[in-house]
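Here's the letter readout for the chains.
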Amino acid sequence: MTTKAPACGWDQAVFRCGRCGVEHTATTEDDYLKAVGAHGDAHAVWDRLNPIERSGFASILRTILSAPELAAELLALADRQAAGGGDR
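The model shown is predicted, which means the values in this text are computed figures rather than measured ones. (Residues numbered from 1 in each chain as written. Predicted model: local features only at pLDDT ≥ 70, side-chain atom pairs only at ≥ 80, totals over all residues. Heavy atoms only, no water.)

> Can you break down the pattern of salt bridges residue by residue, with the values?
All told, the structure shown has three salt bridges when counted by the stated rule. With a shortest N-O distance of 2.9 Å, Arg19 and Asp47 are connected by a salt bridge. Of this pair, Arg19 sits in the loop between β1 (13–16) and β2 (23–26) while Asp47 sits in helix α1 (residues 29–48); the two residues are 28 residues apart in sequence, bridging distant segments of the chain. Ionic pairing is found between Asp30 and Lys34, a salt bridge with its closest N-O pair at 3.2 Å. With a gap of four residues between them, Asp30 and Lys34 both fall in helix α1, about one helical turn apart. On the basis of relative accessibility, which here comes to 52%, the residue Lys34 falls in the exposed class. (Salt bridge = Lys/Arg side-chain N within 4 Å of Asp/Glu carboxyl O. Helix = DSSP H or I, 4+ residues; strand = E, 2+ residues; numbered from the N terminus. Buried < 20%, exposed > 50% of the residue type's maximum accessible area, 1.4 Å probe, protein only.)

Printed below as a string of structure tokens:
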């Protein structure tokens, strides 16, 4: 009689930032790695901003993230401007 061993893997993992204390829970290794990378990148950007820039940046993100269609239009506008579309 043979018994099959359960598949190796993990149910979930929790990332806790040693700098700010935020916790992210991921159910796959890929999601965990993305969360850790994105959080580290966020700290890197935040650290380069002064307090006034941080306040303005956070305000802009709150506005854009609350309206995905606005974000899409702003990106399209930026692409048109970069391609020489001018201010029309």
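Structure's up, so let's keep going.
> Kindly report on the pairing of β2, identifying the contributing residues and their values.
Sheet topology note: the β1/β2 ladder contains four bridges and is antiparallel. Looking at the pairing, Val14 lines up with Thr25 of β2. Counted along the chain from β1 to the antiparallel partner β2, the turn is six residues long, and its residue Gly21 has a positive phi close to 85 degrees. (Pairing = 2+ DSSP bridges.)

> So what's going on with the packing of helix α2 (residues 51–65) against helix α3 (residues 68–82)? Residues and values would help.
It is at 6 Å that the axes of α2 and α3 come closest, and there the two elements cross at 110 degrees. In this view, α2 runs roughly perpendicular relative to α3, as classed from their interaxial angle. For the pair formed by α2 and α3, the contact residues are Thr63, Ile64 and Leu65 on the first element and Pro68, Leu70, Ala71 and Leu74 on the second. Taken together, the residues of the contact of α2 with α3 break down into six nonpolar, one polar and no charged. (Axes fitted to C-alpha atoms, helices over the stretch in contact; angles between N-to-C directions. Parallel < 35°, antiparallel > 145°, perpendicular 65-115°, else oblique. Contact = heavy atoms within 4.5 Å. Nonpolar A, V, L, I, M, F, W, Y, C, P; charged D, E, K, R; others polar.)

> Tell me about the packing of aromatic side chains, and name the residues and values.
For the structure on display, the rule yields one aromatic pair. A ring pair is formed by Phe15 and Tyr32, whose centres lie 6.5 Å apart and whose planes are at 85 degrees; its orientation type is edge-to-face. Of this pair, Phe15 sits in strand β1 while Tyr32 sits in helix α1, placing them 17 residues apart in sequence. Judged by relative accessible area, which is 25%, Tyr32 ranks as partly exposed. (Phe/Tyr/Trp six-rings, centres within 6.5 Å; stacked < 30°, edge-to-face > 60°.)

Shape descriptors only; they carry no functional weight alone.
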